[in-house]
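The lines below spell out each chain.
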Amino acid sequence: MSKVDVVLGCFYGDEGKGKVIDYLAADADIAVRATGGDNAGHTIMVDGVKYAMHLIPSGILSGHTIGVIGNGVVLNPEVLLEEIRNLKEHGYDVLNHLKISEKAHIILPYHRMLDVALEKARKESKIGTTGKGIGPSYCDKYERSGLRAEDMYGDRFKEKLAELTVAKKALLKFYDPENAAAVDEALDFDKLYETYAGYAEQLKPYVCDTVTYLHKALEQDKKIVVEGAQATLLDIDFGSYPYVTSSNPTIGGIITGTGLSASDIGNVYGVIKAYSSRVGEGPFVTELLDATGDRIRELGHEYGTTTGRPRRCGWLDLVTLKYARRVNGLTALAVNHLDTIGKFDRIEVCVAYDVHGQQTEDFSTNLQFLNGARPVYKEFAGDFGDISGCRTFEELPENAKAYIRFIEEYIGIPVKFIGTGAERDAMIIR
């Protein structure tokens, strides 16, 4: 029986997971998305067309791979249907290449409204949410008051939606009493039900029991790739809480978000950039608030796929990467943007933290620890030149090879993929 390949982000997301997934999906039968919602995304260029995939697994772009949206995902039907429409317009046979878990939870307008209201109420302690309704949707899931995809086809759908809408209206008015009339207008039940009943009808051909589907595929020796969304340090348990997402984008979330078992997992690829970046609030030990950080941002085009927000940038943090390896059981790495960092004459890499005079190579998500941590750097020679045409490790200049080798030695696992440019095929596979 075949094993499942998993692709995970190691830091704060936006590491370029899509490029590795694109390669693995070339001969994969199935690509799965397990966690998160449309607050995440992969951007991939195919035949000159740019696809920003927020919900549908980007592996579907291979043309033959079936995309599966797992039970751990929270779905905004409007966003999903727009992605389906876009793929169809570009010639993709989505009807026969997309499956949606009947257990996936549905995002409703009140989730997005609550997301914004809660962030506003936090005043000085904002998390930096995307406002997509992801957190409130997961709250409903764990409060056991959420709507699953399968509920849209049940006898009590209208009744359940009515009950939930009344409750959420009251909650929104509590947070923002001055906008009570606007809440009533935005959550007019007749319009809401009509809209979501229409969504349900359009999505019905795709909704199924994906747990059984995936296990039967493995029994038939099908090749499956699971696409991680976001990254390790945004994990609700293992990230820099509370500046995290509302799900588990680490290896545990891959299992609970698909119904696959631990013994089904084969290779676990951790994806990083040759530097670090972050969107939103929260600690970031190697952040550069200077011209160097600005130059990394511009050279790497560091603006969020989903939000368009400029990313915070800094040098590569190997302390964090070691933590990601431990938590996820990584078997190999993918290092993207080697071409970007190679434009600097000198490159710094964080190899330890100095925390109140004590050096450590062990990461902690404790905010007091992180806020007191100062990076200890090791310097490397840069100036890699144009490496976009390199297709083997041996073709890289010595400085670039030394940089990659040091990462391997420090972390203790091999670098299998090396991104050498923005194009789809600008990647070294070892």
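Residues numbered from 1 in each chain as written. Predicted model: local features only at pLDDT ≥ 70, side-chain atom pairs only at ≥ 80, totals over all residues. Heavy atoms only, no water.

### Some remarks on helix α5 (residues 157-175)
Stage number 1. With 19 residues, α5 extends 27 Å between its outermost C-alpha atoms, agreeing within 8% with the 27 Å of an ideal straight helix rising 1.5 Å per residue.
Stage number 2. What α5 keeps buried is the set Phe157, Leu161, Leu164, Thr165, Lys168, Lys169 and Leu172. Angularly, the buried residues of α5 cover 145° about the axis, an arc narrow enough to put them on a single face. Seen from the open side of α5, the exposed residues pointing more than 90 degrees away from its buried face are Val166 and Phe174.
Stage number 3. Tucked into the core, α5 has its buried residues touching α3 (109-121), α4 (134-143), α6 (180-186) and α7 (189-203). (Helix = DSSP H or I, 4+ residues; strand = E, 2+ residues; numbered from the N terminus. Expected span 1.5 Å × (residues − 1). Buried < 20%, exposed > 50% of the residue type's maximum accessible area, 1.4 Å probe, protein only. Arc of directions from axis to C-beta. Contact = heavy atoms within 4.5 Å.)

### As for the packing of aromatic side chains
Stage number 1. Applying the stated criterion across every chain, the model contains 16 aromatic pairs.
Stage number 2. Sitting over the ring of Tyr213, Lys99 keeps its end group 5.0 Å from the ring centre.
Stage number 3. The cationic tip of Lys378 hangs over the ring face of Phe380; the distance from NZ or CZ to the ring centre is 5.6 Å. (Phe/Tyr/Trp six-rings, centres within 6.5 Å; stacked < 30°, edge-to-face > 60°. Lys NZ or Arg CZ within 6 Å of the ring centre and 35° of its normal.)

### Description of the sheet that holds strand β7 (residues 98-101)
Stage number 1. Taking strand neighbours across the sheet as the criterion, the 10 strands line up as β9-β7-β5-β2-β10-β1-β11-β15-β19-β20 in an open arrangement whose pairing is mixed. In this open sheet, the two edge strands, each paired with only one partner strand, are β9 (207-208) and β20 (427-429).
Stage number 2. Direction of pairing for strand β11 (residues 265-273) relative to strand β15 (residues 332-336): parallel, over a ladder of 5 bridges. By the bridge assignment, Lys273 is partnered in β15 with Asn336.
Stage number 3. The sheet strands contacting helix α1 (residues 17-25) are β1 (4-9), β10 (224-227), β11, β15, β19 (415-419) and β20, and the helix crosses β1 at an angle near 165°. (Pairing = 2+ DSSP bridges. Axes fitted to C-alpha atoms, helices over the stretch in contact; angles between N-to-C directions.)

### A few points about the nonpolar core
Stage number 1. Counting residues in each nonpolar core, the largest one holds 73 residues, and the members touching the most others are Leu338, Ile341, Tyr353, Tyr403 and Ile407.
Stage number 2. In terms of nonpolar packing, the next biggest core, distinct from the first, is built from 42 residues, Tyr51, Met53, Leu98 and Leu161 among them. (Core = buried A, V, L, I, M, F, W, Y, C linked by side-chain atoms within 4.5 Å.)

### Observations regarding the pairing of β15
Stage number 1. In terms of burial, β15 is largely enclosed, as 5 of its 5 residues are buried.
Stage number 2. Residues Ala332, Ala334 and Asn336 of β15 are buried on one face, and the alternating residues Leu333 and Val335, pointing to the opposite face, are buried as well.
Stage number 3. Note that β15 and β19 share 3 bridges and pair parallel. Counterpart to Ala334 in the pairing with β19 is Phe417.

### Section: unusual backbone geometry
Stage number 1. The linkage connecting Tyr241 with the following residue, Pro242, adopts the cis geometry, with an omega of 5°.
Stage number 2. For Pro242, the location among the structural elements is in the loop between β10 and α9 (251-256).
Stage number 3. One non-glycine residue, His337, lies in the positive phi region at around 60°.
Stage number 4. As for its placement among the helices and strands, His337 is situated in the loop between β15 and α12 (338-341).

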